[in-house]
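Architecture at a glance
Listed below are the residues making up each chain.
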Amino acid sequence: MGHSSPPPVTISLDHLPPSRRTGFRGFMHKLNQQRALVWMSVPFLIWLFIFKYLPIWGWTIAFQDFKPARKLLDQQWVGLKHFHFLFQDEHFLRVMRNTLAMSFINLVLGFVTAITLAILLNELRQIMFKRVVQTVSYLPHFISWVVAASIISTALSADGGIINEVLMWLGLIKEPILWLGEGSYFWGILGASEVWKNVGWNTIIYLAAMTMIDPSQYEAAEMDGAGRFQRIWHVTLPGLKPVFIILLIMNIGNLLESGFEPQYLLGNGMNVDYSENLDIFVLKYGIQMGNFSLSIAAGMFKTVVSFILLFSANHIAKRLGEERLF
């Protein structure tokens, strides 16, 4: 009497718990479970496609001598002519220097001042005073740059500006200085203006991160005899490290995004060699001079470099075992 082999056992994925389903069916199962969230995200995806991805076809203009009166297929294709011009143009190289310098200053000052203020606020025990300081530091963020630039220009004025008056009263200068008339002062003025306007707003994310630190770590440090500064150094700052890394990666990806409004509103003919950045360069060539191809080539260069910087920073963070975006 022979023994028949047992029938093959088949396991349906439908009978597996969701956590054990993998591959496409697992993905579809999770998608079905979260269909409400998926439908809620559809309008955003449509907006993203229409306004962020669809206009990318316009990059083709960077490879043409674009004339608005001609159809797209009737344009003259010139290859990399505009990119060659950009990298040989002293004006563009000066604009890149200004953009990188202003971005680096804003990056360093933005992190240092926001983290410092957040730690000081976190250490305050007088709740009412803490709220007053927070409110006062948040308010400039809600002022438009048009109003803010007017305030800054008035404060720096050589004719009765408060900065010159205070410096002369302290004996640091003998006569008023035309701050916005000296190009070498512009980067410092811009950095200080960005700090005044955004430092309060930038502390919010660090204050939120501090609330996630386990209070038992402070209690253990205190029982070990750690003072206030030691608790900040050994507990608070390490607790902020993941948020700091994520924000640093995002800011590195935006190194060529040094801003537009403050440079445009505070810049003038006397400081243009230091105030003109990449966005203003694109505006001048694209709108004022009608050289759309060159301006799009500059904008395309900025986008590609930002993309490379973002992925490079994220990859380095991954290699170092730190937090990363993806």
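Calculation rules
- Residues numbered from 1 in each chain as written.
- Predicted model: local features only at pLDDT ≥ 70, side-chain atom pairs only at ≥ 80, totals over all residues.
- Heavy atoms only, no water.
- Helix = DSSP H or I, 4+ residues; strand = E, 2+ residues; numbered from the N terminus.
- Rg over C-alpha atoms; globule rule 2.2 N^0.38 Å.
- Buried < 20%, exposed > 50% of the residue type's maximum accessible area, 1.4 Å probe, protein only.
- Contact = heavy atoms within 4.5 Å.
- Areas by Shrake-Rupley, 256 points an atom, 1.4 Å probe, with all protein chains shown as cover.
- Lys, Arg positive; Asp, Glu negative; His and termini not counted.
- Charge placed at Lys NZ, Arg CZ, Asp CG, Glu CD.
- Axes fitted to C-alpha atoms, helices over the stretch in contact; angles between N-to-C directions.
- Parallel < 35°, antiparallel > 145°, perpendicular 65-115°, else oblique.
- Left-handed = near helix turned anticlockwise from the far one by under 90°.
- Nonpolar A, V, L, I, M, F, W, Y, C, P; charged D, E, K, R; others polar.
- Phe/Tyr/Trp six-rings, centres within 6.5 Å; stacked < 30°, edge-to-face > 60°.
- Lys NZ or Arg CZ within 6 Å of the ring centre and 35° of its normal.
- Patch = residues over 30% accessible without salt bridge, like charges linked within 9 Å, V, L, I, M, F, W, Y side chains within 5 Å.
- Salt bridge = Lys/Arg side-chain N within 4 Å of Asp/Glu carboxyl O.
- Polar contact = N/O pair within 3.5 Å; in protein donor to acceptor, adjacent residues only side chain to side chain.
- Expected span 1.5 Å × (residues − 1).
- Bend = angle between axes of the 7 residues up to and from the residue.
- pLDDT = per-residue confidence, 0-100.

**Focus: the overall build of the chain**
A count of helical and extended segments in the chain gives 14 helices and two strands. Its C-alpha atoms give the chain a radius of gyration of 28 Å, more than 25% over the compact-globule value 20 Å for 326 residues. Dimensions of the chain, computed from the C-alpha atoms along their principal axes, are close to 115 × 75 × 35 Å. Among the 326 residues that make up the chain, the fraction classed as buried is 34%. Here the contacts in the chain between residues at least 6 apart in sequence split such that 64% fall between residues at least 24 apart. Total accessible area on the chain is roughly 21,200 Å²; 66% of this is exposed by carbon and sulfur atoms. Mean positive and mean negative side-chain charge positions of the chain (25 and 22 charges, respectively) differ by 11 Å.

**Description of the packing of helix α10 (residues 228-253) against helix α14 (residues 292-319)**
At their nearest, the axes of α10 and α14 sit 7 Å apart, and the two run at 155° to each other. With respect to α14, the axis of α10 lies roughly antiparallel. Here the hand of the crossing between α10 and α14 comes out right-handed. Here α10 contributes Ile245, Ile249, Met250, Ile252 and Gly253 to the contact with α14, which in turn contributes Ser306, Leu309, Leu310, Ala313, Asn314 and Ala317. For the contact of α10 with α14, a count of residues per class yields eight nonpolar, three polar and no charged.

**What to know about the packing of aromatic side chains**
Taken as a whole and assessed by the stated rule, the structure comprises 16 aromatic pairs. With centroids separated by 5.9 Å and ring planes inclined at 70°, the aromatic side chains of Phe92 and Phe301 adopt a geometry described as edge-to-face. Separated by 209 residues along the polypeptide, Phe92 in helix α4 (residues 90-123) and Phe301 in helix α14 bring together distant segments of the chain. Geometrically, the ring pair formed by Phe260 and Tyr264 is stacked, given 5.2 Å between the ring centres and 20° between the ring planes. Given the relative accessible area of 43%, Tyr264 is considered partly exposed. Site record: aromatic cluster; members linked through ring pairs are Phe87, Phe92, Phe281, Tyr285 and Phe301. A cation sits over an aromatic face here: Arg97 above Tyr274, 5.0 Å from the ring centre.

**Brief notes about a nonpolar patch on the surface**
A grouping of Phe44, Leu45, Ile46, Trp47, Phe49, Ile50, Phe51, Tyr53, Leu54 and Ile56 is seen on the molecular surface, where their side chains present a nonpolar patch of about 1,000 Å² in accessible area. Mapping Leu54 onto the fold places it in the loop between α2 (35-53) and β1 (64-65).

**Section: the pattern of salt bridges**
Tallying each qualifying case throughout the model produces eight salt bridges. Where Lys302 meets Asp279, a salt bridge forms, and the shortest distance between an N and an O atom there is 2.7 Å. With Lys302 in helix α14 and Asp279 in helix α13 (residues 278-288), the pair connects residues that are 23 residues apart, well separated along the chain. Pair check on accessibility: Lys302 and Asp279 agree, each one buried. Each of Glu123, Arg125 and Arg228 takes part in a single network of salt bridges with overlapping partners.

**Observations concerning the side chain of Ser137**
Structurally, Ser137 is set in helix α5 (residues 127-138). What makes Ser137 buried here is its relative accessible area of 12%. Here the side chain of Ser137 touches Gln134 through a polar contact of 2.9 Å, landing on its backbone oxygen.

**Let's talk about the environment of Pro176**
Here Pro176 shows up in the loop between α7 (162-169) and α8 (186-211). Judged by relative accessible area, Pro176 falls into the partly exposed class, the value being 39%. Considering only alpha carbons, one finds Pro176 and Asn32, 144 residues apart in sequence, at a separation of 69 Å. Not counting chain neighbours up to four residues away, the residues in contact with Pro176 comprise Ala158, Asn164 and Met168.

**Focus: α10**
Every α-helical turn comprises 3.6 residues, leaving residues that sit three or four positions apart pointing alike. With 26 residues, α10 extends 35 Å from end C-alpha to end C-alpha; this agrees with the ideal 38 Å at 1.5 Å per step. The axis of α10 is deflected most strongly, by about 40°, at Lys241, and proline Pro242 appears within four residues downstream. Taken together, the buried positions of α10 are Arg231, Ile232, Val235, Thr236, Leu240, Ile245, Leu247, Ile249 and Gly253.

**A word on the packing of α4 against α10**
Axes are the key here: two packed helices are described by the angle between their axes and the distance separating the axes. Two numbers describe how α4 lies on α10: the axes approach to 11 Å, and their chain directions differ by 140°. Relative to α10, the element α4 is oriented oblique. The two elements α4 and α10 cross, and the hand of that crossing is right-handed. Taken together, the residues of α10 that come into contact with α4 (itself represented by Leu107, Phe111, Ile115, Ile119 and Glu123) are Arg228, Ile232, Thr236, Leu237, Leu240, Phe244, Leu247, Leu248 and Asn251. When grouped by side-chain class, the residues that make up the contact of α4 with α10 number ten nonpolar, two polar and two charged.

**Regarding the confidence of the model for the chain**
Per-residue pLDDT for the chain averages 89, and the proportion of residues at 70 or more is 93%. Least confident of the elements in the chain is helix α1 (residues 23-33), whose mean pLDDT is 84; most confident is helix α6 (residues 145-155), at 95.

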